[in-house]
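Coordinates in review
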Amino acid sequence: MRGHWDALSGGLRRRGWAGLGHTCRISASSCGRRSISGAGLPVSPWHFRSRLEALLPSAVKGQPPRPPAAAGRSHILDSGCLNMSDTLTLDVIGQRVEVNGEYATVRFSGVVPPVAGLWLGVEWDNPERGKHDGSHEGIVYFKCRHPTGGSFIRPNKVNFGVDFLTAVKNRYALEDGSEDYGEEQIIIIGKKPVETIGFDSVIKQQSHLNNLQEISLRNCAVSCAGEKGGIARTCPNITRVDVSKNLLSSWDEVIRIADQLKNLVVLNLSENKLQFPSGSPVLTGTFSTLKVLVLNQTGITWAEVLQCALGWPVLEELYLDSNNIFISERPSNVLQMLKLLDLSSNPLIDENQLFLIAYLPRLEQLILSDTGISSIHFPDAGIGCKTSMFPSLQYLVVNDNRISQWSFINELNKLQSLRALSCLRNPLTEGSKEAQTTRQLIIAKIGQLKTLNKCEILPEERRGAELDYRKAFGNEWKKAGGHQDPEKNRPNEEFLAAHPRYQLLCHKYGAPEDGELKVQQPFMLKNQLLILPSFLKALKIKYPNQLEQKVLEKQLPGSMTIQKVKALLSRLLKVPVSELLLSYESPKMRNKLFKVWMDSANEEETAKVSM
C-alpha cells in the first residue's frame, strides 16, 4: 500500500501508510504558495529535497507533523500576509500598516479602557483620516505630529503586508494552469523512494523567476525580506527593483532585502516611511553595485543621507524629493561618485546650503525645482569670471521657484561647465515679456548654454539673440560710459553688473554704431508725412521679390502723405492699395529695410521705396 503525502503548511499530511519500504507521494500542485515548514514560504525544487529529508523521518515513524506557530503570537500565513492575533507584542511598534487603502505607522499596542480587548494606536500618513492626537479620555497613549493624525483600530482590521518574495511570486509567477498534476517521477531521498507529481510546473515557475532582472512591486504591501536566503535562491539576477509605496518601515529591512541581490544597480524606495539607523552603520558591502537610489518622500534627513552614504561607494544618482531636507554639513568622503542629485520640493533649501554641496567633484545634474529658491551668488568669482564651485555641473533645473531678477541668470554664466538649463514657471519667465524675448535674453546672458528648457539652441539663434541684446542695451551702455573707441570705453560697474557679457559681445561683434541705436518710429498713421531730402528729385521704386523688374523712378513733391504714395504706386504698378506693403531704405544704413506700417497691408505684393 502506498502512502500519499501533500506538501502543506505545517508539515507533511499523511493519507495512508504501510511501512518504511513503500513509496510516498508528494504533490507539488500548490508548491508556489505552500510550505512544508509551516513558515508560509514557497518551496523551491533545489532545496525541497533537503527540507523533505528533515521532515520525513518523523513523519514515517507515525509522529504527528510539526504544529503551526503557537496561538497568540505573530506568524505568517500561507498567503505570506502577516496576521496579528489579539495578544500582539510590542514588536509591532513602528511597523507600517495599510487599512482600506490608507497608510499608517503603529505607535501603540495594548488595552484602552474601558473597552475590552487589544487595540492598535496608529498615526496616519493623511492626518485627515484620523480622529485625535493619540490620547483618550485624558490619557496619552501615543503622540502624533498632527492633532487629528491618530486613531485606535482593532488588529484584525490591519494589513501588515507580505514578504518580498511572496510579492514577487504574486506578481510574476506563472499560473499553474490545469488541475492535472502531470507526470509522476520517483526521486530517492536517502534510501527511500519518493514519488513526485507536478514538479515540472514548479521548475518552470522557478526558472522564470530566476531570469527576472527588473521588477516593480509598487503598492504591493511589501513589509519585510522574508525567509533568509529565499530571495537569493529564487531570483538572484535582479538588477533593478521598484518597491515604492509599500510597508517597509526600516532601513535595516531594506538591507536584508538588498543583501540577497548581489547585482542590484537601481533601487526605488519612494513613499516608504523608513526609520534610519541612529549610529554608524556596519559596512557590509550590501550596496557595492548600487548606482541609482530613489528616496523620495521617505522622511530621510541630510545627516542620515551622509551616514548611510558610507555604504554607497559607487552611487551616481540620488533622488531626495519631498523630504524637508536641510543641508547641514558638507559631504566628506561620501557621494564622491555622484553625478545627479535631485533636491526638488525641499522648501528649506537656500543658496547658502547649496554651497555645502558645491564641491562634489562629479556632480553633473542638479535638480532644484519647487524649492523656493530666488537668488544665488558665487562670491569667489567677479564679473566675467568663472566660479570654482560646481566644477562639473552641466544641467541645472530650477523650475517652479521664485526667481524674479536677472541677476540670478547672470550668476549662472559663472558656472564653467553649464550647458543646459530649465527655468520654467518663475516670475522672471512668466512676467509681461513675451516668452521668446525672455528666451533670447537668457541665451545672450549665458554664453556656453546649448539647451534651454529642453530646446536646443542653434548657432543662428544664439547669434541673433546676442546681436539683439547688444543693440537693445546699446544706449544704456553709452550712457554708462561705453564708447566705440576702445580707449574711451569705460562703462561703470553698475552697468557691468547688470550686463556682465556686454563687453564680450562688443568684442565679438563690434561696438554698436550710433545709427543702430536710433529708435525707428514705425509709420502708423494714415496721414503720416514722408519727407524727402531736398537733394532728391525722384523716388526709386523696386520689387524685392521680382528681381527681373527694372527700377522705376517717379518725381515727387518735397512731402506727401503715405496714403497718397500708396495711391500713386497702385496706379503705377496696377496693384490694389490693400495689397501693397511698403518699406524704405535709408542712405545712412544701406541694405536695411524699415517697414512703413499701414492698416490694410498684406504680404502678397511688396514695393521697395528707395530714398
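Check the entry above for the structure.
The sections below set out a description of the structure shown in this document.

Rules used in this analysis
- Residues numbered from 1 in each chain as written.
- Predicted model: local features only at pLDDT ≥ 70, side-chain atom pairs only at ≥ 80, totals over all residues.
- Heavy atoms only, no water.
- Helix = DSSP H or I, 4+ residues; strand = E, 2+ residues; numbered from the N terminus.
- Buried < 20%, exposed > 50% of the residue type's maximum accessible area, 1.4 Å probe, protein only.
- Contact = heavy atoms within 4.5 Å.
- Areas by Shrake-Rupley, 256 points an atom, 1.4 Å probe, with all protein chains shown as cover.
- Salt bridge = Lys/Arg side-chain N within 4 Å of Asp/Glu carboxyl O.
- Axes fitted to C-alpha atoms, helices over the stretch in contact; angles between N-to-C directions.
- Parallel < 35°, antiparallel > 145°, perpendicular 65-115°, else oblique.
- Nonpolar A, V, L, I, M, F, W, Y, C, P; charged D, E, K, R; others polar.
- Left-handed = near helix turned anticlockwise from the far one by under 90°.
- Phe/Tyr/Trp six-rings, centres within 6.5 Å; stacked < 30°, edge-to-face > 60°.
- Lys NZ or Arg CZ within 6 Å of the ring centre and 35° of its normal.
- Pairing = 2+ DSSP bridges.

For the rest of this paragraph, the subject is the overall build of the protein. The secondary structure content of the protein amounts to 15 helices and 33 strands. The buried share of the protein, taken over its 611 residues, is 45%. Of all intrachain contacts in the protein linking residues separated by at least 6 positions in sequence, the fraction that spans at least 24 positions is 66%. When the accessible area of the protein is evaluated, it comes to approximately 31,400 Å², of which 51% is carbon and sulfur surface.

Bringing the pattern of salt bridges into the picture now. By the definition in use, this model includes 16 salt bridges. For R145, the salt bridge goes to E123, with nearest N and O atoms at 3.3 Å. Residue R145 is located in the loop between β10 (139–140) and β11 (150–153), and its partner E123 is located in strand β8 (residues 115–124); the two are separated by 22 residues in the primary sequence. A residue is classified by how much of its surface remains accessible, and E123, at 6% relative accessible area, is buried. A salt bridge links E466 to R501; the shortest N-O distance between them is 3.2 Å. With E466 in helix α10 (residues 459–472) and R501 in the loop between α12 (493–498) and α13 (502–509), this residue pair connects regions lying 35 residues apart in the sequence. In this structure, E466 and R501 share a single accessibility class: buried. Sharing partners across several salt bridges, the network here consists of R462, E466, R501 and K508.

So, about the packing of helix α9 (residues 435–445) against α10. Two numbers describe how α9 lies on α10: the axes approach to 8 Å, and their chain directions differ by 90°. Compared by their axis directions, α9 and α10 come out roughly perpendicular. The segment α9 lies against α10, with Q436, R439, Q440, L441, I443, A444 and K445 engaging E461, R462, A465, E466, D468 and Y469. Split by residue class, the contact of α9 with α10 holds five nonpolar, two polar and six charged.

A word on the packing of α10 against α13. At a minimum axis separation of 10 Å, α10 and α13 run at an interaxial angle of 110°. Accordingly, the angle class assigned to the pair α10 and α13 is roughly perpendicular. As for how α10 packs across α13, the hand of that crossing is left-handed. Every residue of α13 that contacts α10 at R463, E466, L467, Y469 and R470 is listed here: Y502, L505, K508 and Y509.

In this section: the packing of aromatic side chains. Per the counting criterion, the structure on display carries 11 aromatic pairs. Ring plane angle 65° and centroid distance 5.3 Å describe the contact between F108 and Y141, whose orientation is recorded as edge-to-face. With F108 in strand β7 (residues 102–112) and Y141 in the loop between β10 and β11, this pair connects stretches of sequence that are 33 residues apart. Like F108, the residue Y141 is buried in the burial classification. Grouping aromatic residues by their ring pairs yields a cluster made of Y469, F473, W477, F495 and Y502. Positioned above the aromatic ring of W124, the side-chain terminus of R129 is 4.2 Å from the ring centre. One Lys or Arg, R154, reaches over the ring of W119 and ends 3.8 Å from the middle of that ring.

So, on to the sheet that holds strand β18 (residues 266–268). Read across the sheet, 11 strands follow the order β15-β17-β18-β19-β20-β21-β22-β23-β24-β25-β26 without closing on themselves; strand pairing throughout is mixed. The sheet is open, and its two borders are formed by β15 (214–216) and β26 (455–456), each paired with just one other strand. Where β15 lies against strand β17 (residues 240–242), three bridges are found, and the strand directions are parallel. Within the sheet, the bridge partner assigned to I215 lies in β17 and is V241. Running over the sheet, helix α2 (residues 164–172) touches β15 and β17 and is turned about 95° from β15.

Let's shift gears to the pairing of strand β6 (residues 96–99). Because side chains alternate across β6, one face comprises the buried residues R96 and E98, and the other comprises V97 and V99, equally buried. Counting the residues that bridge the hairpin from β6 to β7 gives two residues, and of these N100 lies at a positive phi of roughly 50°.

Successive side chains on a regular strand alternate, one facing one side of the sheet and the next facing the other. Of all 11 residues in β7, eight are buried; the element is thus mostly enclosed. Of the pairings in the sheet, the one linking β6 to β7 comprises four bridges and is antiparallel in character. If you follow E98 over to β7, its bridge partner there is Y103. Relative to β8, β7 is paired through eight bridges, and the arrangement is antiparallel. Considered in β8, the bridge of V112 is made with V115. Between β7 and β8, which pair antiparallel one after the other, the connecting turn spans two residues.

Position of W477 among the secondary structure elements: in helix α11 (residues 474–479). You can call W477 buried: its relative accessible area is 0%. In the structure, W477 is positioned 35 residues away from P512 in sequence and 9.6 Å away in space, judged by C-alpha atoms. Filtering out sequence-adjacent residues up to four positions away, W477 remains in contact with G482, H483, Q484, N489, P491, F495, Y502, Q503, C506, A511 and P512.

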